[in-house]
Amino acid sequence: PKSVVFCEGKRLGHGGRKPSFDVEVYRAIFASQVADVEFIPLGGTNELQQDGKTFSLLLTKLAPGIKCWKVYDRDDRHDQEILQLQSDGTQVLGRRDLESYLWDDEVLRILCESCGAPEKLEEIVAEKRQALADGLQQGKPADDVKAVAGRLYNKCKQALGLTQCGNDAEAFARLTLAPLVKPGTNIYQELAAIVMAPH
C-alpha cells in the first residue's frame, strides 16, 4: 500500500479469529474506492498512541514514500486534546465513535429503501431517539449510539423483517450497514474527510 492507517481495534494476532471492528468497517467503506490504503489495528487508544509512532517510523524506513497516520474515536475528548492530537498528525473522528456514523439517519434511510420499506424509516429513527433518551436517563452520554446499538439492531430486524443480516448488532453494523456508506452520501463525505484526509 501507499498509505497505512493505524486505528483502534484488536491488535493483529490477539484475541482469536474475531476481526477488528474498526478495520473491517473502514475496509468495507473505503477499500473499493481507495485501493492503495491498508488499515491496521493497534489495540486501544494507549497502545495506538505508544506504538503508532514506532510502526510509522519502521514502515517509512522499510518502504520509503509510504504515508502513515492514526485515527482515533472522539470519545469524550476535549477540543484542546483533539487539537493536540491533530498537531501530531493524528486524525480524530468528529463523532463519538464509528457506530455514530453507521447508525446515522441517512444510513438508516438507505437501509429502509434497500429493503423496499422507506416508510419504516420514521419508526426506526424514533426508536433511536428514544433509546438515546433512555440512555441519558441511565447516565450515558447523549450521543452514545454504541450503547444502544443492540436495541436498534433488534428494531431494524423487526421493522424490516430482516434475516441473515448479522447475528448481533456489531456484525449487523459491519456487514449490513457499512457497505451502505458509499461515495455520494453525506456520511461518506464526512467520514472520508477525516479518515482519508492525509491520503
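The structure presented is a predicted model; accordingly, all values stated were derived computationally and were not measured. (Residues numbered from 1 in each chain as written. Predicted model: local features only at pLDDT ≥ 70, side-chain atom pairs only at ≥ 80, totals over all residues. Heavy atoms only, no water.)

1. Quick look at the overall build of the protein
Part 1 of the reasoning: Of the regular secondary structure elements, the protein holds nine helices and four strands.
Part 2 of the reasoning: From first element to last, N terminus to C terminus, the protein shows the α and β order β-α-β-α-β-α-β-α-α-α-α-α-α.
Part 3 of the reasoning: In the protein, which comprises 199 residues, the proportion classed as buried is 46%.
Part 4 of the reasoning: Within the protein, contacts between residues at least 6 apart in sequence are counted, and of these 64% link residues at least 24 apart.
Part 5 of the reasoning: For the protein, the exposed surface amounts to about 10300 Å²; the carbon and sulfur share of it is 49%. (Helix = DSSP H or I, 4+ residues; strand = E, 2+ residues; numbered from the N terminus. Buried < 20%, exposed > 50% of the residue type's maximum accessible area, 1.4 Å probe, protein only. Contact = heavy atoms within 4.5 Å. Areas by Shrake-Rupley, 256 points an atom, 1.4 Å probe, with all protein chains shown as cover.)

2. Structural notes on helix α6 (residues 121-137)
Part 1 of the reasoning: The end-to-end C-alpha distance of α6 is 24 Å, a good match for the 24 Å that 17 residues give at a rise of 1.5 Å each.
Part 2 of the reasoning: When α6 is considered as a whole, its buried residues turn out to be Leu121, Ile124, Val125, Lys128, Ala131, Leu132 and Gly135. Looking straight down α6, one finds its buried side chains confined to an arc of 120°; they lie on one side. Away from the buried face of α6 by more than 90 degrees, exposed residues Glu122, Arg129 and Gln137 are located. (Expected span 1.5 Å × (residues − 1). Arc of directions from axis to C-beta.)

3. Things to note about the packing of aromatic side chains
Part 1 of the reasoning: For the structure on display, the rule yields six aromatic pairs.
Part 2 of the reasoning: Centre to centre, the rings of tyrosine 26 and phenylalanine 39 are 5.4 Å apart; their planes meet at 20°, and the pair counts as stacked. One end of the pair, tyrosine 26, is in helix α1 (residues 21-30); the other, phenylalanine 39, is in strand β2 (residues 37-41), with 13 residues separating them in the sequence.
Part 3 of the reasoning: Take tyrosine 26: its relative accessible area is 1%, and that puts it in the buried class.
Part 4 of the reasoning: In textbook terms, an aromatic cluster arises when at least three aromatic residues are bridged by ring pairs, as seen for Tyr26, Phe30, Phe39 and Tyr188.
Part 5 of the reasoning: Between arginine 95 and the ring centre of tyrosine 101, over which it is positioned, the NZ or CZ distance is 4.8 Å. (Phe/Tyr/Trp six-rings, centres within 6.5 Å; stacked < 30°, edge-to-face > 60°. Lys NZ or Arg CZ within 6 Å of the ring centre and 35° of its normal.)

4. Let's talk about the environment of tryptophan 69
Part 1 of the reasoning: Along the chain, tryptophan 69 falls in strand β3 (residues 67-72).
Part 2 of the reasoning: Considered as a pair, tryptophan 69 and cysteine 7 are 62 residues apart in the sequence and their alpha carbons are 8.7 Å apart.

5. Structural notes on the pairing of strand β1 (residues 3-7)
Part 1 of the reasoning: Within β1, five of the five residues are buried, which leaves the element mostly enclosed by the surrounding structure.
Part 2 of the reasoning: Both faces of β1 are covered, namely the face carrying Ser3, Val5 and Cys7 and the face carrying Val4 and Phe6.
Part 3 of the reasoning: Pairing analysis gives five bridges linking β1 to β2, with the strands arranged parallel. Directly across from cysteine 7, in β2, lies its bridge partner proline 41.
Part 4 of the reasoning: Inspection of the sheet shows β1 paired to β3 by five bridges, in the parallel sense. When the bridges of β3 are listed, phenylalanine 6 appears paired with lysine 70. (Pairing = 2+ DSSP bridges.)

6. Some thoughts on the pattern of salt bridges
Part 1 of the reasoning: Throughout the structure, instances matching the rule amount to 14 salt bridges.
Part 2 of the reasoning: Across the pair aspartate 76 and arginine 96 runs a salt bridge, and its minimum N-O distance is 2.5 Å. Taken as a pair, aspartate 76 in the loop between β3 and α3 (79-87) and arginine 96 in the loop between β4 (90-92) and α4 (98-102) lie far apart in primary sequence, 20 residues in all.
Part 3 of the reasoning: You can call aspartate 76 exposed: its relative accessible area is 61%.
Part 4 of the reasoning: When its relative accessible area of 9% is taken as the criterion, arginine 96 is described as buried.
Part 5 of the reasoning: For arginine 95, the salt bridge identified is with glutamate 190, shortest N-O distance 2.8 Å. One end of the pair, arginine 95, is in the loop between β4 and α4; the other, glutamate 190, is in helix α9 (residues 186-195), with 95 residues separating them in the sequence.
Part 6 of the reasoning: The class for arginine 95 is partly exposed, based on a relative accessible area of 21%. (Salt bridge = Lys/Arg side-chain N within 4 Å of Asp/Glu carboxyl O.)

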